[in-house]
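Listed below are the residues making up each chain.
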Amino acid sequence: MTRAITLQDIRAARERITGKVERTPIELSQSLSERCGVPVHLKLEHRQTTGSFKLRGASNAVASLSAEEKARGVIASSTGNHGRALAHAAKLEGMRAVICMSRMVPRNKLDEIRRLGADVRIIGDSQDEAQKEVERLVAQEGLMMLPPFDHPDIIAGQGTLGLEMIEQVPDAVLVLVQLSGGGLASGIAGAVKGVSPGTKVIGVSMARGAAMKVSLDAGRPVEVEELPTLADSLGGGIGLDNRLTFAMCRDLLDDVILLSEDEIATGIRHAYEQEREIVEGAGAVGVAALLAGKVKANGPVVVLLSGRNIDMNTHRRIVCGKAIAERDA
Ligand SMILES: *Cc1c(COP(=O)(O)O)cnc(C)c1O
């Protein structure tokens, strides 16, 4: 029997990872506040060590292992940022880390994980195939599996971000959070609603392969085809045997919004030109949702910038307005 992650779990996670992760700043966005007519605060988590919030969950999960488990080493499949965070967290502890990923993962993310000393295995065309290889190696070599989202210590670690948000903007009426496997959204919603039950939490995904949204609509985890998207960190399924994040997202999220590739590109461009921030596609979806007019709020909004690990050639093309045309050609 599994249970939802509570505010208490998230507070315990914060104790465990303090000193291992950054408390990231929050800044008022002048341009988005003017546009939306309410204060819009950007949570600058893309500046986190390793370039994404994934270090929070990975650090909490690694710190929660026993000495015997640490000696066995850790393994995960990852679209990049979880693998990078886990490699970093394992390296700090002097542990072995094996990272399995699909061929869809961008080159820059792969190189960075290798640089952190992890053993990288490239398997198949989807996260589901990479995950099968993880399960094979767990059975064969006894490594500890730390999945990217559907794990209590990962969710609690990501939840520490929600604690910071609601402390930094206590009167927030709306929090916009990226939604893929749902570890991030479950943790943030658990923290934010635990402290401030009236605050809405809305998930944002790309329309191309929005596995959690399709699953929530169906009332159960379903598989969707994984498609190339600018928000590559949001790709992948939620797992047909999902234990925690499907139920938490169903019970805690107030809504889910989907974005086109054009809208995501506009978000990246806005973050760069107006906010002077370099963010990856996934990192920009909250900003993109506001720019697209797909959410309305009657009070302070917190928008999460979740990561910055974008290939810089891709970023250059997008800010020059070329990426979408080339993709469609
Ligand atoms: C992993 C990731 C997400 C989505 O997190 P989930 O827990 O899978 O929903 C969003 N943004 C970035 C940058 C990520 O790396």
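Each chain has its residues counted from 1, following the order in which its sequence is written. Two thresholds apply to this predicted model, a pLDDT of at least 70 for residue-level local features and 80 or more for giving and counting side-chain atom pairs, whereas whole-chain, interface and lining totals are computed over all residues. Side-chain metrics rest on all non-hydrogen atoms present in the structure, leaving aside hydrogens and water.

- The name recorded for the chain in an unreviewed UniProt entry is Hydroxyectoine utilization dehydratase EutB, from Mesorhizobium neociceri.
- UniProt positions are given in the numbering used here, feature names are shortened, and annotations may be inferred rather than shown by experiment. Taken directly from UniProt, the Cofactor (unreviewed entry) text for the chain runs: "pyridoxal 5'-phosphate".
- As recorded by UniProt, the Sequence similarities (unreviewed entry) comment attached to the chain reads in full: "Belongs to the serine/threonine dehydratase family."

## Observations concerning the pairing of strand β4 (residues 97–101)
Then step 1. Relative accessibility thresholds used throughout: buried, under 20% of the residue-type maximum; exposed, over 50%; partly exposed, between the two (1.4 Å probe, protein chains only). Helix and strand labels come from DSSP, where a helix needs a run of H or I of at least four residues and a strand needs a run of E of at least two; each type is numbered from the N terminus. Counting buried residues in β4 gives 5 out of 5 residues, a clear majority hidden from the surface.
Then step 2. The alternating pattern of β4 places Ala 97, Ile 99 and Met 101 and Val 98 and Cys 100 on opposite faces, both of which are buried.
Then step 3. Pairing geometry for strand β3 (residues 74–77) and β4, over 4 bridges, is parallel. Of the residues in β4, the one forming a bridge with Ser 77 is Cys 100.
Then step 4. Paired strands are those between which DSSP finds at least two bridges. Across 4 bridges, β4 lies against strand β5 (residues 119–122) in parallel orientation. Residue pairing across strands places Cys 100 opposite Arg 121, the latter belonging to β5.
Then step 5. Between β4 and its parallel partner β5, the chain crosses via helix α6 (residues 107–115), and the hand of that crossover is right-handed. A crossover gets the label right-handed when its path from the first strand over the helix to the second runs clockwise, viewed with the strands pointing away from the viewer.

## Looking at the site of the ligand
Then step 1. Around the ligand sit 17 residues, and of these Lys 54, Asn 81, Gly 182, Leu 184 and Ser 306 come closest.
Then step 2. Note that an oxygen atom of the ligand is positioned 2.8 Å from one of the side-chain N or O atoms of Asn 81.
Then step 3. Here a polar contact means two N or O atoms within 3.5 Å. Within protein one must be a hydrogen donor candidate and the other an acceptor candidate, and residues neighboring in sequence count only if both atoms are side-chain atoms. With respect to the ligand, the backbone of Gly 181 contributes an N or O atom lying 2.9 Å from an oxygen atom.
Then step 4. The Shrake-Rupley method, run with a 1.4 Å probe, gives the accessible areas here. Residue values count only the displayed protein chains as cover. When the free accessible area of the ligand is taken as 380 Å², the share hidden by the protein chains comes to 98%.
Then step 5. Here the shell around the ligand is composed, by residue class, of 6 nonpolar, 9 polar and 2 charged. Here a residue is considered near a molecule or strand provided that any single heavy atom belonging to it is located within 4 Å of it. For this classification, the nonpolar set comprises Ala, Val, Leu, Ile, Met, Phe, Trp, Tyr, Cys and Pro, the charged set comprises Asp, Glu, Lys and Arg, and every other residue, Gly included, is treated as polar.

## Considerations on the nonpolar core
Then step 1. Membership of the largest hydrophobic core comes to 34 residues, with the highest contact counts inside it found for Leu 176, Leu 259, Ile 264 and Val 303.
Then step 2. Counting residues per element, this core draws most heavily on helix α13 (residues 285–291), at 6 residues.
Then step 3. Should any heavy atoms of two residues lie within 4.5 Å, those residues are counted as being in contact. Discounting residues that sit within four places of it in the chain, Ile 264 has contacts with Met 206, Thr 229, Leu 230, Ala 231, Leu 259, Gly 281, Ala 284, Val 285 and Ala 288.
Then step 4. Buried residues of nine kinds, namely Ala, Val, Leu, Ile, Met, Phe, Trp, Tyr and Cys, make up a nonpolar core once their side-chain atoms join them within 4.5 Å. Grouped together as the second largest cluster of nonpolar side chains are 27 residues, Ala 85, Val 105, Ile 113 and Ala 118 included.

## Remarks on the side chain of Ser 205
Then step 1. Its location among the elements puts Ser 205 in strand β8 (residues 200–206).
Then step 2. By relative accessible area, which is 2% here, Ser 205 ends up buried.
Then step 3. Those residues in contact with Ser 205 that sit more than four places away from it in its chain are Leu 179, Ala 210, Leu 234, Ile 257, Leu 258 and Leu 259.

## So, the domain arrangement of the chain
How big an interface is tends to be reported as the loss of accessible area on association of its parts.
Then step 1. Segmentation into domains, and thus their bounds, comes from an automatic or database assignment. Entries for the chain in the domain assignment read domain 1 (7–52 + 151–319) and domain 2 (55–145).
Then step 2. Distance from the C-alpha centre of domain 1 to the C-alpha centre of domain 2: 22 Å.
Then step 3. Put simply, Arg 56 and Glu 164 hold a salt bridge, and the shortest N to O gap is 2.9 Å.
Then step 4. For the interface between domain 1 and domain 2, the tally reads 13 residue pairs in polar contact (both at pLDDT 80 or more).
Then step 5. In terms of residue count, helix α8 (residues 152–168) provides more of the side of domain 1 that touches domain 2 than any other element does, 8 residues in total.
Then step 6. By residue class, the composition of the side of domain 1 that touches domain 2 is 9 nonpolar, 13 polar and 11 charged. Each reported salt bridge corresponds to a side-chain nitrogen of Lys or Arg within 4 Å of a carboxyl oxygen of Asp or Glu.

## Observations concerning the packing of helix α3 (residues 54–63) against helix α5 (residues 81–92)
Then step 1. Between α3 and α5, the least distance of the axes is 8 Å, while the angle of their chain directions is 45°. Considering the angle they form, α3 stands oblique to α5. As α3 runs across α5, the sense of the crossing is right-handed. On the side of α3, the interface is formed by Lys 54, Leu 55, Ala 58, Ser 59 and Val 62, while α5 contributes Asn 81, His 82, Ala 85, Leu 86, His 88 and Ala 89. Lines fitted to C-alpha atoms define the axes, with helix axes restricted to the stretch in contact, and inter-axis angles between N-to-C directions lie between 0 and 180 degrees. Throughout, the term roughly parallel applies to angles under 35 degrees, roughly antiparallel to angles over 145, roughly perpendicular to angles from 65 to 115, and oblique to all others. A clockwise turn of the near helix away from the far one marks a right-handed crossing, whereas an anticlockwise turn of less than a right angle marks a left-handed crossing.

## Examining the side chain of Asn 309
Then step 1. Tracing the chain through its elements places Asn 309 in the loop between β10 (301–305) and α14 (312–319).
Then step 2. A distance of 3.1 Å separates a polar atom in the side chain of Asn 309 from a polar atom in the side chain of Arg 84.
Then step 3. Those residues in contact with Asn 309 that sit more than four places away from it in its chain are Thr 50, Gly 51, Ser 52, Asn 81, Arg 84, Asn 108, Lys 109 and Glu 280.

## Looking at the pattern of salt bridges
Then step 1. Summed over all chains, the structure comprises 21 salt bridges.
Then step 2. Among the salt bridges present, the one from Arg 96 reaches Asp 119, with a minimum N-O distance of 3.7 Å. Taken as a pair, Arg 96 in the loop between α5 and β4 and Asp 119 in strand β5 lie far apart in primary sequence, 23 residues in all.
Then step 3. One salt bridge connects Arg 115 with Glu 112, and the closest N-O pair in it is separated by 2.6 Å. Taken together, the residues Arg 115 and Glu 112, both in helix α6 and 3 residues apart, mark about one turn of the helix.
Then step 4. Judged by its relative accessible area of 60%, Arg 115 falls in the exposed class.
Then step 5. If you follow the salt bridges from partner to partner, you end up with Lys 43, Glu 45, Arg 56 and Glu 164 in one network.

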